[in-house]
There are 2 protein chains.
Amino acid sequence: MGSALVVVGASVALGQARGKAEDGLLAADVAWEKVYSAKDLPKAVAFCDEHGTMSVPDAPVVTGTEALAKAIASDFAQGDTTWRPNKVGVAFSGELGYTSGTTDLTFKDKSGKTLTKKGNYLTVWKKDAVGSWKVLFDSFNYE
Amino acid sequence: MGSALVVVGASVALGQARGKAEDGLLAADVAWEKVYSAKDLPKAVAFCDEHGTMSVPDAPVVTGTEALAKAIASDFAQGDTTWRPNKVGVAFSGELGYTSGTTDLTFKDKSGKTLTKKGNYLTVWKKDAVGSWKVLFDSFNYE
């Protein structure tokens, strides 16, 4: 997150509109992580576009609110997911953007031992009709 | 690719600028796949933004032309990669977009047996100064 904050901070200091847009998208990414890591299923799903897609390792891609809710619930049951954005970009038109960063999945193996898998994510976001950022496509892999 | 072509076809039939933009980005994705699957290293690297990033399973994220060239060369040595886009989106401003789809990596295991791993990819693209689409962030995982 350090480098993203530096970038956003520099842009905001220059008073650039793009810096504000990126700041807003970064805040959405952080807000999604907050409800996701707290395993708040309704709020986590509400961050996703109704036609949004998730692609996780070792599973088929899922699309749409109902399938996303099942996939996120399954992820919550599997362990604890956290992430930290380190890149953000927003189109000049302001309605499409992306974030990327690192993710940790902490879970217990069959013997009850706690393990952490590190990964990297890439998320494409679009603004909905009222100007809130929604997840259009979320993808990650394990490093 | 079927659904993407339907979407693009419908948009182009309506004479919408967005349909043309998405058609152009889809063509860039297909053109990149052509040189990538042919293992043409200079042309495959030339599709990437100079600050572009690649995130592949079981490896750290790499950023920048030199690191991307090494990663792509390593991928070429590992096996044969092909992909087919099935989603495309472009911002209203036309300089940022994404493609996603399915990917196959075909390789020989230690015993010499040919195996294929299926995966899913998400790529964020930006237009360069002369209007060519370049890969800003490419990520995939195995299904």
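Residues numbered from 1 in each chain as written. Chains lettered and ligands numbered in written order. Predicted model: local features only at pLDDT ≥ 70, side-chain atom pairs only at ≥ 80, totals over all residues. Heavy atoms only, no water.

Chemist: Could you give an account of the pattern of salt bridges, with specific residues and numbers?
Modeler: Evaluation of the coordinates by the stated rule reveals 6 salt bridges over all chains. In this structure, Arg84 of chain A and Asp104 of chain A form a salt bridge, with 3.1 Å as the shortest nitrogen-oxygen distance. With Arg84 of chain A in strand β3 (residues 80-90) and Asp104 of chain A in strand β4 (residues 96-108), the pair connects residues that are 20 residues apart, well separated along the chain. Accessibility expressed as a relative area gives 30% for Arg84 of chain A, which makes it partly exposed. The class of Asp104 of chain A is buried, set by a relative accessible area of 12%. Between Lys39 of chain B and Asp80 of chain B there is a salt bridge, and its shortest N-O distance comes to 2.9 Å. With Lys39 of chain B in the loop between α2 (17-37) and α3 (41-46) and Asp80 of chain B in strand β3 (residues 80-90), the pair connects residues that are 41 residues apart, well separated along the chain. Exposure remark for Lys39 of chain B: the relative accessible area of 32% places this residue in the partly exposed category. The exposure class assigned to Asp80 of chain B is partly exposed, which follows from its relative accessible area of 41%. Overlapping salt bridges bring together Arg84, Asp104 and Lys118 of chain A as one network. (Salt bridge = Lys/Arg side-chain N within 4 Å of Asp/Glu carboxyl O. Helix = DSSP H or I, 4+ residues; strand = E, 2+ residues; numbered from the N terminus. Buried < 20%, exposed > 50% of the residue type's maximum accessible area, 1.4 Å probe, protein only.)

Chemist: Describe the relation of the copies chain B and chain A, listing the residues and the values that go with them.
Modeler: Taken together, a rotation about one axis and a shift along it account for how the two chain copies relate. Placing chain B over chain A gives an RMSD of 0.0 Å and needs a rotation angle of 180°, together with 0.0 Å of translation along the axis. Taken together, the rotation and translation describe the operation of a two-fold axis. (Least-squares fit on C-alpha atoms with pLDDT ≥ 70 in both.)

Chemist: Which residues make up the sheet that holds β3 of chain B, and what are the values?
Modeler: Residues and elements named next belong to chain B. Overall, mixed pairing links the 6 strands, which are arranged β2-β1-β6-β5-β4-β3 in an open sheet. Single-partner strands in this sheet number two, and they are β2 (62-63) and β3. Bridge count for strand β5 (residues 114-127) against strand β6 (residues 133-142) is 9 bridges, and the pairing is antiparallel. Bridge pairing in β6 places Lys127 opposite Trp133. The sheet contacts of helix α4 (residues 65-78) involve β1 (48-55), β2, β3 and β4 (96-108), and relative to β1 the element is tilted by about 50°. (Pairing = 2+ DSSP bridges. Contact = heavy atoms within 4.5 Å. Axes fitted to C-alpha atoms, helices over the stretch in contact; angles between N-to-C directions.)

Chemist: I'd like a description of α4 of chain B, backed by residues and values.
Modeler: Residue and element names in this part refer to chain B. Here α4 contains 14 residues, and its C-alpha end-to-end distance of 20 Å stays within 8% of the 20 Å for a straight helix at 1.5 Å per residue. Taken residue by residue, α4 has Leu68, Ile72, Asp75 and Phe76 as its buried positions. Down the axis of α4, the smallest arc covering the buried residues is 100°, so these residues share one side. Seen from the open side of α4, the exposed residues pointing more than 90 degrees away from its buried face are Glu66, Lys70 and Ala77. (Expected span 1.5 Å × (residues − 1). Arc of directions from axis to C-beta.)

Chemist: Give me the environment of Glu95 of chain B: which residues, what numbers.
Modeler: With respect to the element layout, Glu95 of chain B can be found in the loop between β3 and β4. Residue Glu95 of chain B is classed as buried on the basis of its relative accessible area of 14%. Between the C-alpha atoms of Glu95 of chain B and Lys134 of chain B, which are 39 residues apart in sequence, the distance is 10.0 Å. Residue contacts for Glu95 of chain B: discarding those within four places in its chain leaves Val90, Ala91 and Phe92 of chain A together with Trp125, Lys126, Lys127 and Trp133 of chain B.

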